There are 2 protein chains.
Amino acid sequence: AAMPFPASAQQDPLPSWNDGAAKQAIIRLVTATTTKDSTDFVEPADRIAVFDQDGTIWAEHPLYSQALFALDRIATMAPQHPEWKDTEPFQSVLANDSAAISKFSEKDWLEIVTVTHSGMSTAEFETLVKDWLPRSSNPILKRPVTDLVYVPMLEVMSYLRANDFRTYIVTGGGQEFVRPYANAVYGIPREQIVGSSTVTNYEYKDGKPVLMREPKMFFVDDGVGKAVGINMFIGKRPLIAFGNSDGDRQMLEWTTAGDGARLGLLVLHDDAVREFAYGPANGLPDTKVGAFSQSLMDEAASRKWTVISMKNDWARIFAEPK
Amino acid sequence: AAMPFPASAQQDPLPSWNDGAAKQAIIRLVTATTTKDSTDFVEPADRIAVFDQDGTIWAEHPLYSQALFALDRIATMAPQHPEWKDTEPFQSVLANDSAAISKFSEKDWLEIVTVTHSGMSTAEFETLVKDWLPRSSNPILKRPVTDLVYVPMLEVMSYLRANDFRTYIVTGGGQEFVRPYANAVYGIPREQIVGSSTVTNYEYKDGKPVLMREPKMFFVDDGVGKAVGINMFIGKRPLIAFGNSDGDRQMLEWTTAGDGARLGLLVLHDDAVREFAYGPANGLPDTKVGAFSQSLMDEAASRKWTVISMKNDWARIFAEPK
Ligand SMILES: [Ca+2]
Ligand SMILES: [Ca+2]
């Protein structure tokens, strides 16, 4: 598809961003930390950037992609589980009852994720994810989930990497769900995916070791877990952090509490025409998926975090279908 | 100090290694995985090397360096704990009773490590480690612990990195104990240290977040934990793994179970003259610190792992004191 930008935009590292405070803040942070005589200069080895995934670098409505994966797995596994036909929450999933699904409790989701994400080796799980991705489909946008990546954020990642930043995903989603596609979709290698994980058991099959995924969480990389995860997996404080919901609060606090130039940014979904509109911050509709509360908006103001308006800051959101 | 090698050795990537099966196996693995037309060629992004720390890349006798740190901390903390004067295991530590210390149980050590490694922020802990290192002293070799690094292994790390491998430490020791010095001592950055960790709590001090170290283990990176840790922190299977004790068994199994060329190596401490001699494999003296059992030796033979004899394979062990 032709790029809807003038030729001069080739010099622009962020062509899908409209000029404004968000774009300027990103360029200012990169310039300050990479200019050799700047007081905020940072050695390349310490240039770390962290990105939440759902709602920050790809679409998360009406349901997280990993939830769509889990629901599709329920359908696939149903023949081996005749009891699901009359047991909730499985009954509603098999009936494709999206009204009921949208009202599932945390406990319902935990049950669905547990049964669909454990009982196989890490290698087998990866194969399930890879096989599912090309036939995945966002129920509203009707495209595979890996098509629903935000082009402006891909540009930010490329811009940061061109300036010797390493880009990490720090997601509440499953680390082993994201790893199989992150390099192809975002250019982020497996070792730079920080995410939630299950307990794994070391076992032998035909004399070779396998790691079996157990029905028990090991690490929940959300909220305070994101600060803990950044410390544990990276051990360096990021210079810049991108999030979109209350689960990113501590990640941005941890990032921006560092010395020197730091930047926290939050994506606000205020574009019902091109994507979705939800908050409840700024009077936008409330949601159970990726809520951006007014309290987070207030903290963003007091801590001088930058709010990215999808409607105003992004000249485009998704790549054209191929 | 002058290098005790002929000028022609400048071409040799491993000048502190005597010619032999171990040196040849390392060079063969690197050549096979980095030669473009080799069937075992591996892209640079997937060239991962993992090293156990204690007894593999630095000395661990008579006690692990982190144990020495903990004992010194007990002495420093004693004025605030008058009750330690007549409570074991602290009493023996304060009396410098090395016979009693050598007989401490796992429970004794857990108590010592817990009290000395928790109750402070991650940043405060790092300062304690950094302040201690230059005044640390191995009780037998009488040098700071960071001097007791094995030169042949530093050469292996440099050789691997020159061939676009990334070198990781995978240690049963504390991840946050190793991070403060690993870059200076081994050239390994903080994000490439996989180790054991405590639970941390996210708290605020003067409006800024801190991670407080709690008296509770979160992850034990030893034995099966090393395979789990490699999967969780790196997510790529190493091409080459170096260990020295039974705690490295699963790390070597996991590494060498991969497709293509892989190499597992175990350092055998069989040099009582220049360092220490302990097994109990091959009839060497038994030990509570870094035991290399006969069962591990048997598995090394059956899985074709390479055993490195410190006595025969290494032309030198430590760098000369500066
Ligand atoms: Ca999110
Ligand atoms: Ca060891």
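Note that the structure is a prediction, hence the values are computed from the model and not measured.

Draft legend 1. Spatial organisation of the coordination of the calcium ion (ligand 1). Residues and elements named next belong to chain A. In the first shell of the calcium ion (ligand 1), the protein supplies Asp52 (OD), Asp54 (O) and Asn244 (OD1), at 2.2 to 2.3 Å from the metal. Going along the chain, you hit the donors of the calcium ion (ligand 1) in the pattern D-x1-D-x189-N. Both residues of the pair, Asp52 and Asp54, count as buried.

Draft legend 2. Spotlight on the relation of the copies chain A and chain B. With an RMSD of 0.0 Å, the operation that places chain A on chain B is a rotation of 180° combined with a shift of 0.0 Å along the axis. Such values leave the two copies arranged in the relation of a two-fold axis. When C-alpha positions in chain A are compared against the rotation axis, the closest is assigned to Phe233(A), at 3.2 Å. The overlap is high: 100% of the interface residues of chain A also sit at the interface in chain B, so the same surface is used on both sides.

Draft legend 3. The domain arrangement of chain A, seen in detail. Residues and elements named next belong to chain A. Domain assignment breaks chain A into domain 1 (12–61 + 149–313) and domain 2 (65–135). Distance from the C-alpha centre of domain 1 to the C-alpha centre of domain 2: 26 Å. If you look at the interface, domain 1 gives 19 residues, while domain 2 gives 20 residues. Looking only at domain 1, the three residues that lose the most surface to domain 2 are Phe177, Pro180 and Arg213, adding up to 42% of its buried area. Connecting domain 1 to domain 2 are one salt bridge. Where the side of domain 1 that touches domain 2 is concerned, the elements lending two or more residues are β2 (166–174), α8 (175–186), β3 (193–205) and β4 (208–219).

Draft legend 4. Expanded view of the interface of chain A and chain B. With 34 residues of chain A at the contact, the number on the chain B side is 34 residues. Of the roughly 3,000 Å² buried between chain A and chain B, counting both surfaces, carbon and sulfur atoms make up 54%. Ranking the residues of chain A by area buried against chain B places Glu191(A), Tyr202(A) and Met232(A) at the top, with a combined share of 21%. Scanning the region where chain A abuts chain B turns up four salt bridges. With its nearest N and O atoms 2.5 Å apart, the salt bridge here joins Glu191(A) to Arg166(B). Counting across the interface, chain A meets chain B through 24 residue pairs in polar contact (both at pLDDT 80 or more). Taken together, the elements giving at least two residues each to the side of chain A that touches chain B come down to β2, α8, β3, β4, α9 (224–234) and α10 (249–256) of chain A. Examining the composition of the side of chain A that touches chain B, we find that seven residues originate from one element, α9(A), more than from any other. Residue composition of the side of chain A that touches chain B, by class: 17 nonpolar, eight polar and nine charged.

Draft legend 5. Structural detail: the environment of Lys226(B). All names here are of chain B. With respect to the element layout, Lys226 can be found in helix α9 (residues 224–234). Residue classification places Lys226 among the buried residues on the basis of a relative accessible area of 1%. Separated by 24 residues in sequence, Lys226 and Gln250 place their C-alpha atoms 6.8 Å apart. Sequence-distant contacts of Lys226, that is, excluding residues within four places in its chain, are made with Asp52, Val170, Thr171, Gly172, Asp221, Gly247, Asp248 and Met251.

Draft legend 6. Expanded view of the coordination of the calcium ion (ligand 2). All names here are of chain B. Protein-derived ligands of the calcium ion (ligand 2) are Asp52 (OD), Asp54 (O) and Asn244 (OD1), with the metal-ligand distances lying across 2.2 to 2.3 Å. Each donor residue of the calcium ion (ligand 2) belongs to the same chain, and together they define the spacing D-x1-D-x189-N. Separated by 190 residues along the polypeptide, Asp54 in the loop between β1 (48–51) and α2 (65–77) and Asn244 in the loop between β5 (240–243) and α10 (249–256) bring together distant segments of the chain. On the basis of relative accessibility, which here comes to 12%, the residue Asp54 falls in the buried class. Relative accessible area serves as the criterion here: at 2%, Asn244 is assigned to the buried category.

Draft legend 7. Main features of the pairing of β4(A). Residues and elements named next belong to chain A. Two strands pair when backbone bridges link them, and β3 and β4 are joined in this way by eight bridges, in the antiparallel orientation. Paired with Glu203 across the bridge in β4 is Val210. A loop of two residues connects β3 with β4, the two strands running antiparallel in sequence, and Asp206 in this loop sits at a positive phi of about 55°.

Draft legend 8. View of the environment of Lys130(A). Residue and element names in this part refer to chain A. Looking at the secondary structure, you find Lys130 in helix α6 (residues 122–132). You can call Lys130 partly exposed: its relative accessible area is 44%. When the C-alpha atoms of Lys130 and Arg179 are compared, they prove to be 9.9 Å apart, with 49 residues separating the residues in sequence.

Draft legend 9. Structural view of the packing of aromatic side chains. In total, this model carries 35 aromatic pairs over all chains according to the counting rule given. Each ring, one from Phe177(A) and one from Tyr181(A), has its centre 5.9 Å from the other, and the planes form 80°; the classification is edge-to-face. One end of the pair, Phe177(A), and the other, Tyr181(A), are both in helix α8, four residues apart, so they sit about a helical turn from each other. Considered together, Phe177(A) and Tyr181(A) belong to a single accessibility category, that of buried residues. Ring centres of Trp84(B) and Phe90(B) lie 4.5 Å apart, and the angle between their planes is 10°; on these two criteria the pair is classed as stacked.

Scoring rules and cut-offs
Residues numbered from 1 in each chain as written. Chains lettered and ligands numbered in written order. Predicted model: local features only at pLDDT ≥ 70, side-chain atom pairs only at ≥ 80, totals over all residues. Heavy atoms only, no water. Donors = N, O, S within 2.8 Å, 3.2 Å for Na, K, Ca; no water. Buried < 20%, exposed > 50% of the residue type's maximum accessible area, 1.4 Å probe, protein only. Least-squares fit on C-alpha atoms with pLDDT ≥ 70 in both. Contact = heavy atoms within 4.5 Å. Domains from an automatic or database assignment. Buried area = accessible area lost by both parts, 1.4 Å probe. Salt bridge = Lys/Arg side-chain N within 4 Å of Asp/Glu carboxyl O. Helix = DSSP H or I, 4+ residues; strand = E, 2+ residues; numbered from the N terminus. Polar contact = N/O pair within 3.5 Å; in protein donor to acceptor, adjacent residues only side chain to side chain. Nonpolar A, V, L, I, M, F, W, Y, C, P; charged D, E, K, R; others polar. Pairing = 2+ DSSP bridges. Phe/Tyr/Trp six-rings, centres within 6.5 Å; stacked < 30°, edge-to-face > 60°.

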